Each structure stands twice: as structure tokens, then as C-alpha cells.
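# Summary of structural features
Residues per chain, in single letters:
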Amino acid sequence: MKHLTILVPDGPNNLSSIVGSYKILTRANEYWKASGHNELFKIELAGISKEVEFYDGLFTVKPHTHISAITKTDLIIIPSLNHNYESALKGNSELVTWVAEQNKKGAEIASVCTGAFLLASTGLLNGKTCSTHWAVADVFRKMFPEVNLQPDKLITDEGGIYTNGGAYSFLNLLIYLVEKYYDRQTAIYCSKVFQIEMDRQSQSEFIIFKGQKLHGDEMVKEAQLYMEDNLNEKISVEHLSSRFAVGRRHFDRRFIKATGNTPLEYLQRVKIESAKRIFETSRKTINEAMYEVGYADVKAFRELFRKITGLSPLEYRSKYNKESFA
């Protein structure tokens, strides 16, 4: 029998990803056994304290065991952390060390949402692709520049290291792991019992792009603000670089270093974010929204909108605006 560890970090972290992981994996185990197989996992909650309080003492979790009692495990689930990441990591340094040691012994690791901060602290994500909640992408990039963060991805899978996007999308990661460790039929069963949509690949439609401004390059910040204040204009990168009296290549390099996007990518994302808000809050047509954010080619606008959000403009408007019309 394999061993599965669900971590219970110290501090006011996320209870739902601990409980959800335990319930879904326990149900998968029960279904697998009822289907005539030997039980696949021994599932244990493990931490560094005998009990951890959540939501000002409203709930308490008492882990089955201390991590020191587990000499070897096969799969580790790291739940979502609270948003004071430096404090959360400092208070759980023992977990960081233990996770890294278990990986050396062959354990696979899956992080839920902002649990990626704890996983990244081990160094195991350096050079690898990773996802986390889109809302903390800038903070994550600043803390872990050697990790290839892809916040549009719902799930990443690199050699036994799994990460996922934000909030309740951890349910999709669990279904993914159930299929990987058990089989497709068990995953379908859990999907139906817990009513979780299968095979989701992206969190793009949920991203609210606010611009990456957690950097110290004032010229780039000015360029970002200029783009955001002139959405209805056709802005070329050449125009921007000349506006700040720097060469195009130098401007591109500084912009990418500061934001993670090329100037063109940033401009496109700002314009599409504005178009999303128009679709969410008004009855404007697709053409009206397109013109308002500075585009004139319907085909190009639709292709770019789908590339960034995963949905067509019409699909997005129908989904997020109850008063929308065809």
C-alpha cells in the first residue's frame, strides 16, 4: 500500500483544501476497494503541531501524526497558505525541509493554489513550470524568479511535481491525481459524486489583469500607465520607446524584465481586460467594445480575446452578463 500525506501547516491557512483533499481521496480509495482492488493509499494528515486552529478558533484540525513519524511517503499534498507568505514560510520551515527530503526519497508532490509558495521554497520548482492563483502572480514572481510561473494554467505536471491555479480549482487537481494514481473510471466516479467538471485545463477566463507593477523601474511604470490611460488609441511600441527616449530593443528588455510581458503583450492584455469589463457591465455589442479598446479588425480582436480568456467575446458576454443579448 502506498502512503499519502496531506500536510497541515501551522498558522491560519486554508482549511477547505485540507478537508477537500481528504474527502475526495478517501472516497477514491473506497471506490477502488469496492471495485475489487486492494486499498491503494494509506491517507494521513501530518503537521508539526498536535492541532491547528482555523478562522479564529472556529475550526480545529488534529493531524494524525507529526511529520517526523513518516520516514517515507509516496505523495504529498500541500494545501493553500494564507496571504502573509513570508510569515507562513517562516513558521513552517520544518515542513519545507521535510518536503525536500521526501522528494529525494521518491515522493511526488502536489501543491494547491498558494501552497506553491511552500513548494517553491524547497527549490524543487526552480527551472520548472508552475501555477498558482492569478491574484498573487506578481508576488510569486518577485519571491521566486527562477520558477517559470504560468498562472493561466490550471494544472502543471512536471516529473512528479504538480501545481494548480487558485481557490477551488484544487478540486480539478485532485480529480487529475485520482485518474493518474487510480484510473479514469475512478476519476469519473469522483467527478460525478462531488460534481466537479473534468478535464479543465485553464483558469484564463477567471484572471483579472491588474498589471504587474511590483517592480522598481519607473520608466516602465510610466509606460504602463500611458497604455492604460490611452486604451482607445493605436499605440505602437516604437512610439512608446521614442516617448521615453530609449531604443526599441532596450525598451523591450527593460519592460520584459520588469513585468514578464513584452510591451505588446502587456498592451493586449490591458485592452482585453477593459473589453471584459465592458461585456460584464453593459449591453454594448462586440464591435462597440472592440472600437472602445482601440481595435478595428473583428477577426483579430476575436482571436486575441479567445487566446487570452479561453472564450470568444460572445461566449464571455453570455456567461458573465445576465442581461446580454445575442
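What counts, and at which threshold
By convention here, each chain's residues receive numbers from 1 onward along its written sequence. Per-residue local features are limited, in this predicted model, to residues with pLDDT of at least 70; the limit for side-chain atom pairs, both in listing and counting, is 80 or more; totals at the level of whole chains, interfaces and linings are taken over all residues. As a rule here, side-chain values come from all non-hydrogen atoms in the structure, and water together with hydrogens is ignored. The secondary structure listing takes helices from DSSP runs of H or I that are at least 4 residues long and strands from runs of E that are at least 2 residues long, numbered from the N terminus. For the exposure calls, accessible area comes from a 1.4 Å probe over protein chains only, and a residue counts as buried if that area is under 20% of its type's maximum, exposed if over 50%, partly exposed in between. Residue contacts are counted whenever heavy atoms from the two residues lie within 4.5 Å of one another. For our purposes a nonpolar core is just a set of buried Ala, Val, Leu, Ile, Met, Phe, Trp, Tyr and Cys residues, chained together by side-chain atoms within 4.5 Å. Think of a 1 Å grid over just the protein atoms. A cavity is a set of points where a 1.4 Å probe fits yet cannot get out, a pocket is an open set with protein on both sides within 12 Å along at least five of seven lines, and lining residues have an atom within 4 Å of a point. Grid points are joined across faces, edges and corners, and a volume is the space filled by probe spheres set on the points. Paired strands, as defined in this entry, are two strands with at least two bridges between them according to DSSP. Axis definition: a line fit to C-alpha positions, over the contact stretch in the case of helices; interaxial angles, taken between N-to-C directions, run 0 to 180 degrees. We call two N or O atoms a polar contact when they sit within 3.5 Å, provided that within protein one can donate a hydrogen and the other can accept it, with sequence-adjacent residues counted only if both atoms are side-chain atoms. Aromatic rings from Phe, Tyr and Trp, with only the six-membered ring used for Trp, were paired whenever their centres fell within 6.5 Å, and each pair was classed as stacked if the ring planes differed by under 30 degrees, edge-to-face if by over 60, and tilted otherwise. Residues forming no salt bridge and having over 30% relative accessible area are the ones grouped into patches, like charges within 9 Å of each other and nonpolar side chains (Val, Leu, Ile, Met, Phe, Trp, Tyr) within 5 Å. Where accessible areas are quoted, they stem from the Shrake-Rupley method and a 1.4 Å probe; at the residue level, only the protein chains shown are allowed to cover. Salt bridges are defined as contacts in which a side-chain nitrogen from Lys or Arg sits within 4 Å of a carboxyl oxygen from Asp or Glu.

When helices and strands are tallied, the chain shows 14 helices and 11 strands. Taking the principal axes of the C-alpha coordinates as reference, the chain spans close to 65 × 45 × 40 Å. The buried share among the 326 residues of the chain stands at 50%. Nonlocal contacts in the chain, meaning residues at least 24 apart in sequence, comprise 63% of its contacts between residues at least 6 apart.

Considering soluble globular proteins, one finds that nonpolar side chains tend to be buried as a cluster. Counting 36 residues, the largest nonpolar core has Leu4, Phe41, Ile77, Val178 and Tyr182 as the members making the most contacts within it. Of all the secondary-structure elements, those providing two or more residues to this core are strand S1 (2-8), helix H1 (15-34), strand S2 (41-47), strand S3 (52-54), strand S6 (75-78), helix H6 (170-181) and helix H7 (184-194). By size, the runner-up hydrophobic cluster in this structure holds 32 residues, among which are Leu7, Ile48, Leu81 and Cys130.

So, on to the layout of surface pockets. Rolled over the atoms, a probe sized like a water molecule indicates the empty space that remains. What the largest pocket holds in volume is close to 860 Å³. Of all elements in the fold, only helix H5 (137-143), strand S9 (148-149), helix H10 (248-259), helix H11 (263-281) and helix H13 (298-309) reach the threshold of two or more residues within the lining of the largest pocket. In terms of residues, the lining of the largest pocket owes the most to one element, H11, which gives six residues. Space inside the second largest pocket adds up to approximately 230 Å³. No other element matches H5, which puts four residues into the lining of the second largest pocket.

Pairing in this open sheet of seven strands is mixed, and the strands run S5-S2-S1-S6-S7-S11-S10 from one edge to the other. Each edge of the open sheet carries a strand with a single partner, namely strand S5 (65-66) and strand S10 (155-158). Sheet contacts for H1: S1, S2 and S6; angle to S2, the most-contacted strand, approximately 165°.

On to the environment of Tyr181. Turning to its location among the elements, Tyr181 is positioned in helix H6. Exposure remark for Tyr181: the relative accessible area of 17% places this residue in the buried category. When the C-alpha positions of Tyr181 and Asn126 are compared, they lie 25 Å apart, and in sequence the two are 55 residues distant. Beyond its immediate stretch of four places on either side in the chain, Tyr181 contacts Lys2, Leu40, Phe41, Asp74, Leu75 and Glu108. Of the polar contacts made by the side chain of Tyr181, one reaches the side chain of Glu108; its length is 2.5 Å.

Let's shift gears to the pairing of S10. Where S10 meets strand S11 (residues 161-164), four bridges bridge the pair, whose relative direction is antiparallel. Directly across from Glu158, in S11, lies its bridge partner Ile161.

With that out of the way, let us pick up the packing of aromatic side chains. This structure, assessed with the given rule, holds 20 aromatic pairs. Where Tyr31 meets Tyr189, the ring centres are 4.1 Å apart and the plane angle is 15°; that geometry is what we call stacked. Of the two residues, Tyr31 sits in helix H1 while Tyr189 sits in helix H7, which places them 158 residues apart along the sequence. Judged by its relative accessible area of 27%, Tyr189 is partly exposed.

Next up on the list: a nonpolar patch on the surface. Residues Tyr55, Leu58 and Phe59 make up a contiguous nonpolar surface patch of about 340 Å² in total accessible area. Counting through the fold element by element, Leu58 comes out in the loop between S3 and strand S4 (59-61). Its relative accessible area of 62% is what places Leu58 among the exposed residues.

Any link to function would need more than the numbers given here.
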